[in-house]
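# Results of the structural survey
As a plain string of letters, each chain reads:
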Amino acid sequence: MVLQKEYDKAIAEYSETIKIDKNNSIAYYDRGLAFYDKADYDNAIFDFNKAIDLSVEYYDAYFYRGLSLYYLGEYKYAIADFDKVLALKTDYKEAYFNRGLAMYFQGEYENAITNYESALKLDENYAVAYNNIGLTWHALKKFDKAIEDYNKTLELDENYYMAYFNRGSAWYDLQEYDKAIEDYDKAISLNPQYKDAFLNRGLVWHYKGDYNKAIIDYNKALQIDDKYALAYSNRGLAWYDLKDDDKALLDYDKAIFLRPDYKDAFLNRGLIFYYRGDYDKSIADYNNAIKIDEDYRIAYNNRGLAWHYKGEYNNAILDYDKAIHLKNDYTDAYINRGIAYYYKGQFNKAIEDYNKAIEINSELGYVYYNIGLAYYNKGFYLIAVENYDKALELQPDYADAYNNRGMAKHEIGDYDIAIQDFTKAIEIFPNNPDAYNNRGNAYLFLKNFKRAEEDFKKVAEYAGYEALGFTNLGNVYSSKGEFQKAGELYNKAKNSANVPDWLEPKIIQRQDRNDQRLILVKAKIPVESITEKVQIEDRIERTLENIRKYSRSDAQQVVHYTKLFVADIYVSALGSKMHYGNAIYMNDPKEGKILFKYFDNDKITLAYQNGEKRNESSVYLGSFLPTEDPGLGKSYEDELVMWRTYGKDENGKEASGCNLVLSSEFFKQIKKPVSNESSKTDKEQDSQKVATISEENSKNKSNDEELLNVVYIKQMITKEQLKMTRPEN
């Protein structure tokens, strides 16, 4: 306040002088200096202009006008004034120094260093010039060179606390955290009110994992300046890492209140809402961050993740697009966009994005894992295995990769190898109910009932998995013909706590079927005949379950036109006739169009539009109708037995599915391989060739095409199956 009054008094006196002598350049210059010292740079510039007008070679007036312009952020015009000073006085070291400073803030780092060095030629003891050269090397990320110049500064002035602070920041960027703390300690000892040193030392403690010490330093910074928004934001991050989200939110709120344009505070607060599952609030904060900085790529990436978990994949993709546009090598954005495409069932696009991420960084094991998932869901199990192999090369302890590779091996019939993978997954992560369950299913398929029983008992020990474990145990006893015990286990599964929605109808179905078997037992039907029937029903049910699993429909229930127990009659009696018709000629063309929408395949759609029959791209819908065709005297009957899994839910909404070929007699004809260049990569076609060679050497050698070869089905998966990148902060 005293200085303020002195400046005002001086300005008043200089103003009186100017009234008397309007051509007094010195009075204008001195009054300009008083305005400059008050940080009233606009009035200072006005007076320096007058002084220069009256005396064009007044280099001090140019110098201070340049400083005033510098403080106003007008670096280009400041440099022009320092140029003028040096043209008039070539040994003006401060002009070199400040011109270097202005160039530094314009990003002209090499020119800035040249000017600082020119100042040092005039004064080799100019400590602050060495300090600023260090700052410039720091900006160029040449931290070792920066430290050399900070050392020179301190050799000249051992009490220069800002040099300790700056050297500490260089040590921090080199991850030499202990050395950084030592320098911040020294800066604080020389200037106990240096809030930035407390802030930065807190940041170092944070990165060392000592969040409590970090908070102590942030508190000290806030004691010095209770409006220090950056300290509130950093303390919020420490509270967040201490799992105290409520305190973190309070600090971010305070930081945003003090600085409504603080984009990082919005970003980090949005991150807390994201992890709390409050995606709308998270998106609102990311929106605010983007309003402040429309090129804030991290905010676009993080907002994309929030959209993803809201199930709005198209919005997520738009945000990842923007993030990638802003940074073409943004690995996380490619990965996350790939995952969004994956959830939409667009596996080719997902794979394309994953491969782009690998081009940028080939050491990301979980990206190969994601590629494996995509190929698995496309039905290219061999390529899926290749990618799981790569994931495991990079991360040998990747339990999920072993588990999923086992699933792919199971699909291609390598049950023993699949069991080895499930076992490895369990060794790495013993509390892995999914791996136990998968291994149990493999053992059950191999009729190793003892091992299957052991695994399913283990599954039933895990909270939330009890019903699944008991159900599969029931399946084991059913397969052994011990239907009474199976019924007890199904009942136990039904009465378990927290039975998943998807499992409950399956348990009821198992109970109903088991009751039918018990009736057959009481009727003295041989157990061998009943177990044979069980195998047929299980085979049908597994296929139906796959169709449901791969379905893209939101329908919760698929209505069948007949019950499962009827199907074995058709399977065992291949002479049975069914009426079939091309989808074009069926009674309900609208239903056929809906089916094609679910297939989402150009070849099938084209065949439908062209009315093709009896080729590999035709789609036939079977129904249990009379084989006669009264109108034409001849029906489209053949040795075609289909299982109808396409219907409506209880509200009349169309359910997705397709026709499962149980007997493929109709398709027993040699056909040319189907090639769909638009949807298959060369890699996929190579995989198909390998599969064909393998089949030719198998026991069930066949060159016949079947309908399922051209039915492309999709799978929706749970979020836990994919490895996503973490939002950034």
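If you tally the helices and strands in the chain, you get 35 helices and four strands. Pairs at least 24 residues apart make up 56% of the contacts formed inside the chain by residues separated by at least 6 positions.

Moving on to the pattern of salt bridges. Under the defined criterion, the tally for this structure stands at 35 salt bridges. Among the ionic pairs, D91 bridges to K89, the shortest N-O distance being 3.1 Å. Judged by relative accessible area, D91 falls into the partly exposed class, the value being 45%. By relative accessible area, K89 is classed as partly exposed at 27%. Salt-bridge contacts for D455 lead to R439; the nearest nitrogen and oxygen are separated by 2.7 Å. In this pair, D455 sits in helix α27 (residues 449-459) while R439 sits in helix α26 (residues 433-445), placing the two residues 16 residues apart along the sequence. Connected through salt bridges with shared partners, the residues D185, R201 and D217 form a single ionic network.

Looking now at helix α20 (residues 331-343). The terminal C-alpha atoms of α20, which comprises 13 residues, lie 19 Å apart, in line with the 18 Å expected from a rise of 1.5 Å per residue. Among the 13 residues of α20, twelve are classified as buried, and the element is accordingly described as predominantly covered. After α20 finishes, the residue G345 shows a positive phi value of roughly 85°.

Quick look at the packing of aromatic side chains now. Under the definition given, this model contains 38 aromatic pairs. Here the aromatic rings of Y369 and Y388 are separated by 5.9 Å at their centres, their planes lie at 50°, and the arrangement is tilted. Of the two residues, Y369 sits in helix α22 (residues 365-378) while Y388 sits in helix α23 (residues 381-394), which places them 19 residues apart along the sequence. When the ring centre of Y126 is taken as origin, the NZ or CZ atom of K93, which lies over that ring, is 4.4 Å away. Over the aromatic face of W137 sits the side chain of K145, whose NZ or CZ is 4.4 Å from the ring centroid.

Turning our eyes to something else, we now look at the nonpolar core. Judged by nonpolar contacts, the single largest core of 177 residues is most densely connected at Y342 and V367. Sorting elements by how many residues they give to this core places α22 first, with nine residues.

For Y109, the location among the structural elements is in helix α7 (residues 109-122). Put simply, Y109 and A139 are 30 residues apart on the chain and 7.9 Å apart in space, counted from C-alpha to C-alpha. Not counting chain neighbours up to four residues away, the residues in contact with Y109 comprise Y104, T136, A139 and L140.

Moving on, we come to unusual backbone geometry. One non-glycine residue, Q175, lies in positive phi territory at about 60°. With respect to the secondary-structure elements, Q175 resides in the loop between α10 (161-173) and α11 (177-190). Taking the relative accessible area as the measure of exposure, Q175 reaches 60% and is therefore exposed. Even without glycine at this site, K524 takes up a positive phi of about 70°. Its place among the elements puts K524 in the loop between α30 (504-522) and α31 (527-550).

The next point concerns the packing of helix α6 (residues 93-105) against helix α8 (residues 127-139). Remark: α6 packs on α8, axes separated minimally by 11 Å, with the N-to-C direction vectors making an angle of 15°. As judged from the angle between their axes, α6 and α8 are roughly parallel. In this structure, the crossing between α6 and α8 has a hand that is left-handed. Residues F97, L101 and Y104 of α6 touch α8, and the partners they reach there are V128, A129, N132, L135, T136 and A139.

In this section: the side chain of D149. Looking at the secondary structure, you find D149 in helix α9 (residues 143-156). K152 provides the closest opposite charge to the buried, salt-bridge-free D149, at an N-O distance of 4.1 Å. Excluding anything up to four places from it in sequence, D149 contacts Y130, I133, G134 and W137.

For α7, spanning 14 residues, the distance from its first C-alpha to its last is 20 Å, which sits close to the expected 20 Å at 1.5 Å a residue. Taken residue by residue, α7 has A112, I113, N115, Y116, S118, A119 and L120 as its buried positions.

Our focus in this paragraph is the confidence of the model for the chain. Chain-level statistics for the chain give a pLDDT mean of 79 and a share of 73% at 70 or above. Of all helices and strands in the chain, the one with the weakest mean pLDDT is helix α35 (residues 682-696) (29), whereas helix α25 (residues 415-428) scores best (97). Low pLDDT, under 50, characterises residues 547-592; the predicted model gives this stretch 123 contacts beyond four residues in sequence or across chains. Counting interchain partners and residues more than four positions distant, the pLDDT-below-50 stretch residues 611-724 has 267 contacts.

Take the side chain of E453 next. Of note, E453 is situated in helix α27. Taking the relative accessible area as the measure of exposure, E453 reaches 12% and is therefore buried. Looking at E453, its side chain comes within polar contact range of the side chain of Y477, at 2.6 Å.

Mapped onto the secondary structure, I290 falls in helix α17 (residues 279-292). Accessibility expressed as a relative area gives 10% for I290, which makes it buried. Each residue touching I290, except ones within four places of it in the same chain, is listed here: A299, Y300 and R303.

Bringing the packing of α7 against α8 into the picture now. Where α7 meets α8, the closest approach of the two axes is 9 Å, and the angle between their N-to-C directions is 165°. One finds that α7 runs roughly antiparallel with respect to α8. The chirality of how α7 crosses α8 is left-handed. Residues Y109, A112, I113, Y116, E117 and L120 of α7 lie in contact with α8, whose contacting residues are A129, Y130, N132, I133, T136, W137 and A139. Broken down by class, the residue content of the contact of α7 with α8 amounts to ten nonpolar, two polar and one charged.

Conventions and cut-offs
Residues numbered from 1 in each chain as written. Predicted model: local features only at pLDDT ≥ 70, side-chain atom pairs only at ≥ 80, totals over all residues. Heavy atoms only, no water. Helix = DSSP H or I, 4+ residues; strand = E, 2+ residues; numbered from the N terminus. Contact = heavy atoms within 4.5 Å. Salt bridge = Lys/Arg side-chain N within 4 Å of Asp/Glu carboxyl O. Buried < 20%, exposed > 50% of the residue type's maximum accessible area, 1.4 Å probe, protein only. Expected span 1.5 Å × (residues − 1). Phe/Tyr/Trp six-rings, centres within 6.5 Å; stacked < 30°, edge-to-face > 60°. Lys NZ or Arg CZ within 6 Å of the ring centre and 35° of its normal. Core = buried A, V, L, I, M, F, W, Y, C linked by side-chain atoms within 4.5 Å. Axes fitted to C-alpha atoms, helices over the stretch in contact; angles between N-to-C directions. Parallel < 35°, antiparallel > 145°, perpendicular 65-115°, else oblique. Left-handed = near helix turned anticlockwise from the far one by under 90°. Lys, Arg positive; Asp, Glu negative; His and termini not counted. pLDDT = per-residue confidence, 0-100. Polar contact = N/O pair within 3.5 Å; in protein donor to acceptor, adjacent residues only side chain to side chain. Nonpolar A, V, L, I, M, F, W, Y, C, P; charged D, E, K, R; others polar.

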